[in-house]
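So the chains spell out like this:
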Amino acid sequence: LSGSGTEENPYLIYNEDQLQNLSKTGASNSIGNYYFSQMADIDLINIDWVPICHNTGTKIYVFNGVYDGNGYLIKNMTIDTNESYFSAGLFGTINDTAVIKNVNMVDVNISNIHYFMGAGDTSLGCTVGSIVGHNNGLITNCYAEGIITANGSGEKIVIGGIVGCGNAINCISE
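Just so it is clear, the structure is predicted and the values come from calculations on it, not from any experiment.

Below, the discussion takes up the sheet that holds strand S13 (residues 138-140). The strand order across the open sheet built from 5 strands is S1-S2-S4-S9-S13, with neighbouring strands paired in parallel fashion. Where the open sheet ends on each side, the last strands, each with one partner, are strand S1 (11-13) and S13. Strand-to-strand twist across the sheet, computed as the mean angle between neighbouring axes with direction ignored, equals 15°. By the bridge criterion, 3 bridges tie S1 to strand S2 (residues 35-38) in an arrangement that is parallel. Paired with isoleucine 13 across the bridge in S2 is glutamine 38. This element, helix H1 (residues 16-26), spans S1, S2 and strand S4 (66-68) of the sheet and lies at about 125° to S1.

Moving on, we come to the nonpolar core. In terms of nonpolar packing, the biggest core is built from 38 residues, with Leu19, Phe63, Tyr67 and Ile100 touching the most fellow members. Looking at this core, the elements that each hand over two or more residues are H1, strand S8 (91-94), strand S10 (104-115), strand S11 (126-129) and strand S14 (143-152). Beyond its immediate stretch of four places on either side in the chain, phenylalanine 63 contacts Ile31, Phe36, Ile52, Cys53, Phe91, Thr93, Ile94, Asn95, Ala98 and Ile100.

Our next topic: the packing of aromatic side chains. Think of a pair of aromatic rings as described by two things: how far the centres are apart, and how the planes are tilted against each other in angle. Applying the stated criterion across every chain yields a total of 5 aromatic pairs. The interplanar angle of 45° and the centroid separation of 5.9 Å between the aromatic rings of phenylalanine 36 and phenylalanine 63 together place this pair among those described as tilted. With phenylalanine 36 in strand S2 and phenylalanine 63 in the loop between strand S3 (42-43) and S4, this pair connects stretches of sequence that are 27 residues apart. Its relative accessible area of 5% is what places phenylalanine 36 among the buried residues. On the accessibility criterion, phenylalanine 63 (0% relative accessible area) is buried. Taking the centre distance of 5.6 Å and the plane angle of 70° together, the rings of tyrosine 67 and phenylalanine 91 count as edge-to-face. Of this pair, tyrosine 67 sits in strand S4 while phenylalanine 91 sits in strand S8, and the two are 24 residues apart along the sequence. Take tyrosine 67: its relative accessible area is 0%, and that puts it in the buried class. In this structure phenylalanine 91 comes out as buried when scored by relative accessible area, which is 0%. Among the aromatic side chains, those forming a connected cluster through ring pairs are Tyr11, Tyr34, Phe36, Phe63, Tyr67 and Phe91.

What follows is about the environment of valine 62. If you trace the backbone, valine 62 turns up in the loop between S3 and S4. Note on valine 62: relative accessible area 15%, which makes it buried. A C-alpha to C-alpha distance of 9.6 Å links valine 62 and alanine 27, two positions 35 residues apart in sequence. Residue contacts for valine 62: discarding those within four places in its chain leaves Ser30, Ile31, Cys53, Thr93 and Asn95.

Turning to unusual backbone geometry, a few remarks are in order. We note that asparagine 70 has phi near 55°; this positive angle belongs to a residue other than glycine. In this structure, asparagine 70 sits in the loop between S4 and strand S5 (73-75). Residue aspartate 107 is not a glycine yet carries a positive backbone phi of 55°.

Rules and cut-offs
Residues numbered from 1 in each chain as written. Predicted model: local features only at pLDDT ≥ 70, side-chain atom pairs only at ≥ 80, totals over all residues. Heavy atoms only, no water. Pairing = 2+ DSSP bridges. Helix = DSSP H or I, 4+ residues; strand = E, 2+ residues; numbered from the N terminus. Axes fitted to C-alpha atoms, helices over the stretch in contact; angles between N-to-C directions. Contact = heavy atoms within 4.5 Å. Core = buried A, V, L, I, M, F, W, Y, C linked by side-chain atoms within 4.5 Å. Buried < 20%, exposed > 50% of the residue type's maximum accessible area, 1.4 Å probe, protein only. Phe/Tyr/Trp six-rings, centres within 6.5 Å; stacked < 30°, edge-to-face > 60°.

Laid out in structure tokens, this is it:
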């Protein structure tokens, strides 16, 4: 990625390969206090999306940075898996220092998300949203439209249009 990840010189994301690299990094690491700026519409058609900083099993990864979609589109994001996720969306989990802003998503399709509740499990369960599954940070000025379905046991799956768990400000979901 070009840029240095600072507020003055953010990492620039122009295409699906660069966005997927962010996802791949977040699949095995938390992502620190870096800044990212989307610079074009991105089409994720025919890509099985893996959420940026998602949590499965005992792995807990969080996004701590700032992602500015600059009003560009991310379209055709599909998550269709039989994996058990604790958080799923474009981003899985964002931490209290994270900011996701100006992200617009169309034709989102999230299906077959599972959460397996083990004996004595008292966790929140699976949280699913188009943009963020589990939000502890700030989501603002975002838009998402699509279809989300999930499977699981008990009442441990929380689904939202923008965010599965947490708040969003000045956002619209259809």
